[in-house]
Amino acid sequence: MARQALDLFDEGFQELTPSEFFRKNKQMLGFTGKIRSLTIVFHELITNSFDAAEEAGILPEIKIDLKRIGKDHYILRHQDNGPGIPEKYIPKVFCTMFAGSKFRNIQSRGQQGLGCSGCVLLSQMTTGKPIKVISGTRENGELKGVKMTLKMDVKKNQGLILEKEEVEVEDTGVCIELHFKDVSYSLSEQGAYEYIRRTMIANPHAKIIFNDPTGNRYVFNRASDVIPPMPKEVLPHPWGVTADDLIFMAKHTDKRRFRSMLTSNLSRMSSKKIKELEELTGIDLNKRPKDMKWEEAESIVEAFKKMKFMSPPTSGLIPIGEEQIEKGMREILQPEFTATVTRKPKTYRGGIAFVVEAGIAYGGNSGRMVGDQRKAEIMRFANRVPLTFDAGSCAITEGVKSLDWRRYGIRDLENTPLTIFVNIVSTNVPYLSTGKQSVAPEPEILHEIRQATMIAARKLYKYLRKKKAAKEEAERAKVFETYVPVIIKQAALLAEREAPDYRELLDTVTRRAKLEILGESLDE
Ligand SMILES: Nc1ncnc2c1ncn2[C@@H]1O[C@H](COP(=O)(O)OP(=O)(O)OP(=O)(O)O)[C@@H](O)[C@H]1O
């Protein structure tokens, strides 16, 4: 390389902080398009509030005010009743990217420590305005409130405190105020309102009060007061690790040997399995982890694939549950019928555990309004979080649409007032992109989506059949009730006899007709 070119290194070699990187690539945080950007902001703030409240054993209650003060200039005020954020962490939480408390192999909504700092970055990039945060915490039984005005120093990936003061607060929780431009509030399927509505179906234990910019006030009440149990952290399964994972583990472990590192960092690794692994790979597992070579890591992963293990522990998976999904759907959709299914845990890619749950709501406010007609809608969720974008490429859409709905009494799926709900629960949901909006069509996941939806659809079919039969029976009964008395009276007249009491007979006839339609017998 010419000298001149090498000099460029000394002059121009730089490092980008995460905030600088995302300032240039905000689409990687999901901020593409005006409607989507605002929905992502709602998503990040709501999920953080839920996570924080649930971890503290508090039933979440959120108040959101969204005001429009210019053509596309909005002020968002979001307040929760969680445990609050201790003063010294406030700048880190809101102004440092990749800072958080959730970097574990755990089924939680947040994972990367990017969410709320991403919102602050968007706010700052589009308006140049600082953010305001009020945090109420309880320390040693004493309620403490602090108010801060902050800016993000993008170059340093840290917060700049512009103002700070102690304030009185009524309770614990976080209240944040952000300005945004270049975003848009919409009632469409991908807008912020719909995001809240769907969130409430999957989280019936929450309450959200939302004042929208058009002057509407929406109160989404709690339909259940059961706080979901906290998922436990689970160790990765041997079938799910890569050579790179093992090398990373070897670098950071405090264990002194390969064998103890493997048994303490992976699930289902007994001393019997260690022996088997030694025989298969020929590696001395008494070696020190920091001596692990790439080839050794690779041959361990290869050997794992040939070995039999118990399925991964599923204690880390917390589904919503059939009863809770039903409560959520009843509260929000007021349907005439619901069916819900939570499947047993299964695995994909050999070792990653997941659970699929499905629900169907029919009638009432189910489905989405298009003009004056209600049409079928598919509501997709991953770990209770609504997925509102990239529906086309998602395994949930594919699985639901692949069913032959006519077999379940739905002749025209598109034009039926149906809400089809599917939630995928996993510590590792296989998202198709960093925006986390669609799930990869892994064969095992697709299979489970189809199974869960089919079971719910079968229940719907039974209901629709009964409903149709009841309608036909009512029509038939009406015919009998109109004509039988006339015929009996006329026949009696002709026979010159008194008309018999026909009531009981008529009842039996109409009842038999109904049971025949339902495929049941009169004696049952
Ligand atoms: N409303 C809140 N109440 C209490 N703590 C909060 C709140 N919002 C955020 N936090 C804390 O701030 C941390 C960083 O939040 P952030 O949204 O940046 O990332 P995350 O939730 O960990 O992951 P992700 O990027 O996947 O959303 C969280 O891990 C949590 O500890």
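Because the structure is predicted, anything quoted here is derived from the model rather than measured.

Cut-off values and rules
Residues numbered from 1 in each chain as written. Predicted model: local features only at pLDDT ≥ 70, side-chain atom pairs only at ≥ 80, totals over all residues. Heavy atoms only, no water. Helix = DSSP H or I, 4+ residues; strand = E, 2+ residues; numbered from the N terminus. Rg over C-alpha atoms; globule rule 2.2 N^0.38 Å. Buried < 20%, exposed > 50% of the residue type's maximum accessible area, 1.4 Å probe, protein only. Contact = heavy atoms within 4.5 Å. Areas by Shrake-Rupley, 256 points an atom, 1.4 Å probe, with all protein chains shown as cover. Lys, Arg positive; Asp, Glu negative; His and termini not counted. Charge placed at Lys NZ, Arg CZ, Asp CG, Glu CD. Core = buried A, V, L, I, M, F, W, Y, C linked by side-chain atoms within 4.5 Å. Domains from an automatic or database assignment. Salt bridge = Lys/Arg side-chain N within 4 Å of Asp/Glu carboxyl O.

### Focus: the overall build of the protein chain
Okay, so step 1: Scanning the protein chain for helices and strands turns up 14 helices and 16 strands.
Okay, so step 2: Computed over the C-alpha atoms, the radius of gyration of the protein chain is 30 Å, more than 25% above the 24 Å expected from 2.2 N^0.38 for a compact globule of 524 residues.
Okay, so step 3: For the protein chain, the spread of C-alpha atoms along the three principal axes comes to 125 × 70 × 55 Å.
Okay, so step 4: Expressed as a percentage of the 524 residues in the protein chain, the buried residues total 48%.
Okay, so step 5: Here the analysis covers contacts within the protein chain between residues at least 6 apart in sequence; of these, 70% occur between residues at least 24 apart.
Okay, so step 6: When the accessible surface of the protein chain is totalled, it reaches about 27,000 Å², and 49% of it is carbon and sulfur.
Okay, so step 7: One way to put it: in the protein chain the 81 positive side-chain charges average out to a point 2 Å from where the 71 negative ones average out.

### Brief notes about unusual backbone geometry
Okay, so step 1: A positive phi angle, close to 65 degrees, is found at D182, a residue other than glycine.
Okay, so step 2: For D182, the location among the structural elements is in the loop between β6 (173–180) and α6 (192–202).
Okay, so step 3: With a relative accessible area of 42%, D182 lands in the partly exposed category.

### Points about the environment of T340
Okay, so step 1: Its location among the elements puts T340 in strand β9 (residues 337–342).
Okay, so step 2: Along the sequence, T340 and N286 sit 54 residues apart, while their C-alpha atoms lie 50 Å from each other.
Okay, so step 3: Beyond its immediate chain neighbours, meaning those up to four positions away, T340 contacts E322, I325, E326, M329, A358, G359 and K459.

### Some thoughts on the nonpolar core
Okay, so step 1: Among the nonpolar cores identified, the biggest contains 59 residues, and F42, F94 and I208 are the most heavily contacted of them.
Okay, so step 2: Counting only domains with at least three residues in this core, you end up with domain 1 (18–220) and domain 3 (322–463).
Okay, so step 3: Counting residues in each nonpolar core, the second largest holds 38 residues, with A358, V429, M454 and A456 among its members.

### Quick notes on the pattern of salt bridges
Okay, so step 1: Counted by the stated rule, this structure contains 25 salt bridges.
Okay, so step 2: The residue E194 makes a salt bridge to R198 at a minimum N-O spacing of 2.8 Å. In this pair, E194 and R198 both sit in helix α6, 4 residues apart, roughly one turn of the helix.
Okay, so step 3: Between E326 and R330 there is a salt bridge whose closest N-O contact spans 3.1 Å. Pair noted here: E326 and R330 are both in helix α11 (residues 322–333), with a separation of 4 residues, about one helical turn.
Okay, so step 4: Residues joined by salt bridges that share partners form a network here, namely E189, E194, R197, R198, R368, E377 and E414.

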